[in-house]
Amino acid sequence: MNYRLPTLDDYEILKDYVIEHYSNQEKSISASLGLTNMKYKDWVEKVNRNSEKADDEWGKYYLYLVFDENRLVGLLNIRFDLPDKLKELYGNIGYGVRPSERRKGYATKMLKYALQVCKEKQMKEAILGCYEYNYGSNKTIIKNGGVLYKTISAEKKISDEWTIVLKDNFYKIKL
Ligand SMILES: CC(C)(COP(=O)(O)OP(=O)(O)OC[C@H]1O[C@@H](n2cnc3c(N)ncnc32)[C@H](O)[C@@H]1OP(=O)(O)O)[C@@H](O)C(=O)NCCC(=O)NCCS
């Protein structure tokens, strides 16, 4: 597998990646950090800039396109410089795998890779959060040594009348 930052030339493959999510009734693209909300050129610039220079929101981070052979299989966000107050809100690592490539072991390998990067950055532990109902992500974290240390409930409004209570699981992985 191959991990690298995005370039302007990746526009078509990312478009295809996004369309596949939408075709599968998924409205958000995990770990994409605003890919679908901004001009592609601006997004590429932001992601590349923030790999070297901290911004106020996320600190420094890597947002890698993950390839197997030449196919984009997922996105991996490694937030190795996250401000303390955000560590327990967002966690250090985020990932998503395209719908057609799920349950083939990609997320497990991507998280393993991300943990190696965190270790190289001299981090002592990584914090990851994921909703309780997200069995695939919970299992991916546990398979990589994650230990549940906290569950918080968050209310999410889905219309003027309805709210749903989501349980957010937080794991720590010692590096
Ligand atoms: C969650 C997600 C990243 C998992 O990716 P994946 O590549 O399918 O994960 P893996 O193939 O490495 O699977 C890891 C484990 O979880 C299990 N798993 C994966 N998806 C599952 C699901 N929907 N239900 C139950 N178990 C699941 C796998 O079987 C595997 O366990 P096993 O080794 O015992 O068989 C993927 O479903 C996804 O991109 N979802 C949308 C974005 C998202 O939720 N990102 C994480 C936010 S916290």
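Please refer to the structure higher up on the page.
These numbers come from a predicted model, not from an experiment.

(A) Just the packing of helix α4 (residues 106-120) against helix α5 (residues 135-143), in detail. Between α4 and α5, the shortest axis-to-axis distance is 9 Å and the interhelical angle comes to 45°. With respect to α5, the axis of α4 lies oblique. Along this stretch, α4 crosses α5, giving a crossing that reads as right-handed. Note on element contacts: α5 touches α4 through Gly136, Thr140, Ile141 and Lys143, opposite Ala107, Thr108 and Leu111.

(B) Molecular detail of unusual backbone geometry. Its identity is not glycine, yet Gln25 carries a phi of approximately 60°, on the positive side. Among the secondary structure elements, Gln25 is positioned in the loop between α1 (11-23) and α2 (40-50). Unlike most non-glycine residues, Leu33 shows phi in positive territory, near 45°. Structurally, Leu33 is set in the loop between α1 and α2.

(C) A look at α1. The end-to-end C-alpha distance of α1, which contains 13 residues, comes to 18 Å, matching closely the 18 Å that a straight helix rising 1.5 Å per residue would cover. Just beyond α1, the residue with positive phi is Gln25, at close to 60°.

(D) A look at the nonpolar core. In terms of nonpolar packing, the biggest core is built from 35 residues, with Leu76, Tyr95, Met110, Leu111, Ala114 and Leu128 touching the most fellow members. Among the secondary structure elements, those contributing two or more residues to this core are α1, α2, β2 (62-68), β3 (71-78), β4 (93-97), α4, β5 (125-131) and β7 (163-174). Top contributing element to this core by residue count: α4, with seven residues. Look past the residues within four positions of Leu128 in its chain and what remains in contact with it is Gly91, Asn92, Ile93, Ile141, Gly146, Tyr171 and Ile173.

(E) Broad picture of the sheet that holds β4. Here four strands make up an open sheet; going across it, the order is β1-β2-β3-β4 and the pairing antiparallel. Two strands bound the open sheet, and with one partner strand each, they are β1 (2-4) and β4. Adjacent strand axes in the sheet meet at a mean angle of 25° when their direction is disregarded.

(F) Broad picture of the sheet that holds β5. In space, the three strands of this open sheet follow the order β5-β7-β6, with antiparallel pairing throughout. At either margin of the open sheet sits one strand with a lone partner, and together these are β5 and β6 (147-157). Direction aside, neighbouring strands of the sheet carry axes that sit 25° apart on average. As defined by bridge partners, β6 adjoins β7 across ten bridges and the pair is classed as antiparallel. Counted as the bridge partner of Glu155 is Val165 from β7. On the sheet, α5 packs against β5 and β7 and is oriented at approximately 160° with respect to β5.

(G) Local environment of the site of the ligand. Surveying the vicinity of the ligand reveals 18 residues, the closest of which are Arg102, Ala107, Cys130, Gly136 and Lys139. Looking at the shell around the ligand, the elements that each hand over two or more residues are β4, α4 and α5. Considering only residue class, the shell around the ligand consists of six nonpolar, eight polar and four charged.

Rules and cut-offs
Residues numbered from 1 in each chain as written. Predicted model: local features only at pLDDT ≥ 70, side-chain atom pairs only at ≥ 80, totals over all residues. Axes fitted to C-alpha atoms, helices over the stretch in contact; angles between N-to-C directions. Helix = DSSP H or I, 4+ residues; strand = E, 2+ residues; numbered from the N terminus. Parallel < 35°, antiparallel > 145°, perpendicular 65-115°, else oblique. Left-handed = near helix turned anticlockwise from the far one by under 90°. Contact = placed C-beta atoms within 7 Å. Expected span 1.5 Å × (residues − 1). Core = buried A, V, L, I, M, F, W, Y, C linked by C-beta atoms within 7 Å. Buried ≥ 20, exposed ≤ 12 C-beta atoms within 10 Å, placed from the backbone. Pairing = 2+ DSSP bridges. Near = placed C-beta within 6 Å. Nonpolar A, V, L, I, M, F, W, Y, C, P; charged D, E, K, R; others polar.

Note that every value here comes from positions in space, so none of it alone points to a role or purpose.
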